[in-house]
Amino acid sequence: KVISRISLDHLKSVSVGPVPAKAIEEFLPDMKCGELLYGVEDVENSGVKHGGIRYDKHQKTRFITIGFLEDIKGQDVLVDAVKGLSDVIRTQCEFYIVGHDKTLFGERIHKESEEFPEIIFTGSVSRGEIHRLLEASDVLICPSRQDSMPTVVAEAMMHFVPCIVSDAVGTASYIRDGRDSFLFQSGNAQKLAEKITWCVCSRDRLKHIGKLARKLYETYF
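A short tour of the structure in this document, coming up. (Residues numbered from 1 in each chain as written. Predicted model: local features only at pLDDT ≥ 70, side-chain atom pairs only at ≥ 80, totals over all residues. Heavy atoms only, no water.)

**What about the packing of aromatic side chains?**
Put simply, the test is: Each pair of aromatic rings taken from Phe, Tyr and Trp, with Trp reduced to its six-membered ring, is defined by centres within 6.5 Å and is described as stacked if the planes are under 30 degrees apart, edge-to-face if over 60, and tilted in the remaining cases. Under the scheme used here, helices are H or I runs from DSSP no shorter than 4 residues and strands are E runs no shorter than 2 residues, and both carry numbers assigned from the N terminus. The buried label applies to any residue whose accessible area, calculated with a 1.4 Å probe on protein chains only, is under 20% of its type's maximum; exposed applies above 50%, and partly exposed to all values in between.
Inspection of every chain in the model, using the stated rule, returns five aromatic pairs. A ring pair is formed by Y174 and Y220, whose centres lie 4.8 Å apart and whose planes are at 55°; its orientation type is tilted. With Y174 in the loop between β7 (163-166) and β8 (182-184) and Y220 in helix α8 (residues 206-220), the pair connects residues that are 46 residues apart, well separated along the chain. Y174 sits in the buried class, given a relative accessible area of 12%. Members of the aromatic cluster, joined through ring pairs, are Y174, Y220 and F221.

Have a look at this one:
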């Protein structure tokens, strides 16, 4: 009701990606909405300039997800996807779950992961540690059920790390699936498991995809 009483004559709106833009369109269909993406500063002396993605065919493929452990961030979808992997694929992986986990949701995820040593919880870490972990990872997973434009995806791309992103995440609109990163249906653990399996079986292609992810970062973020 308040919004309906606001004059739009001299009002301009901009949106951080397509998710909030859809909300503006729903409530204010007559308002023109532009785009205003944030910028993520390139990290100096981080290995980024030299293609810093870790790649060693003799090591496990390292996946990482970063964010406060809560339902909307979808870490439970990731855990379900890990459970759905074949033993052959899962034992070739490491899954780092980074973020504050002292919550009821976090306790539940910990309990559900007890039988899977491939899942590693770090708890909260510093910004510097986040960059170090990204540089040491092969793929970032963003399983959020909804997220307008998570900075961690842009940061991963900055580090030449390809991403597996839920289609409910704003960044999905800029990704070319299978080319510069990957998309899966929000909340669908089976589809996420399929993307993880592809990354493990096609690990030799991740370095090239990571370079294209870096270009996506340079173009938009």
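**Things to note about the layout of surface pockets**
As a reminder of what qualifies: Buried and open spaces are told apart on a 1 Å grid over the protein atoms alone, a cavity being a set of points where a 1.4 Å probe fits but cannot get out and a pocket being an open set with protein on both sides within 12 Å along at least five of seven lines. Residues with an atom within 4 Å of a point are the lining residues. Grid points are joined across faces, edges and corners, and a volume is the space filled by probe spheres set on the points. Throughout this entry, Asp, Glu, Lys and Arg are counted as charged residues, while Ala, Val, Leu, Ile, Met, Phe, Trp, Tyr, Cys and Pro are counted as nonpolar. The remaining residues, Gly among them, count as polar.
For the largest pocket, the calculated volume is near 200 Å³. If you trace the largest pocket, you find 17 residues lining it, with I66, G67, K73, P150 and V152 closest to the centre. Of all the elements in the fold, those that place two or more residues in the lining of the largest pocket are β3 (61-66), α5 (127-135), β6 (139-142) and α6 (151-158). Considered class by class, the residues forming the lining of the largest pocket number eight nonpolar, five polar and four charged.

**Considering the pattern of salt bridges**
Stated formally: Should a side-chain nitrogen of Lys or Arg be within 4 Å of a carboxyl oxygen of Asp or Glu, the pair is scored as a salt bridge.
Counted by the stated rule, this structure contains 15 salt bridges. In this structure, D147 and K73 form a salt bridge, with 2.9 Å as the shortest nitrogen-oxygen distance. Here the residue D147 occupies a position in the loop between β6 and α6, and K73 occupies one in the loop between β3 and α2 (75-83), the gap between them amounting to 74 residues. R145 is the partner of D76 in a salt bridge, and the nearest nitrogen-oxygen pair spans 2.9 Å.

**Here's the deal with the sheet that holds strand β5 (residues 119-123)**
Using the following cut-off: When DSSP finds two or more bridges between two strands, those strands count as paired. Comment: axis = line fitted to C-alpha atoms, over the contacting stretch for helices; angle = value between 0 and 180 degrees taken between N-to-C directions. Contact criterion: two residues are considered in contact whenever any of their non-hydrogen atoms come within 4.5 Å of each other.
Taking strand neighbours across the sheet as the criterion, the six strands line up as β5-β4-β3-β6-β7-β8 in an open arrangement whose pairing is parallel. Unpaired on one side and paired on the other, β5 and β8 mark the two borders of the sheet. Across the sheet, the mean angle from the axis of one strand to that of its neighbour is 25°, orientation sign disregarded. Taken together, the four bridges between strand β4 (residues 93-98) and β5 define a ladder with parallel strand orientation. In the sheet register, Y96 faces β5, and the bridge partner there is I120. Together, β3, β4, β5, β6 and β8 form the strand contacts of α2, whose direction differs from that of β4 by roughly 165°.

Scope: geometric values only; no functional claims are made or implied.
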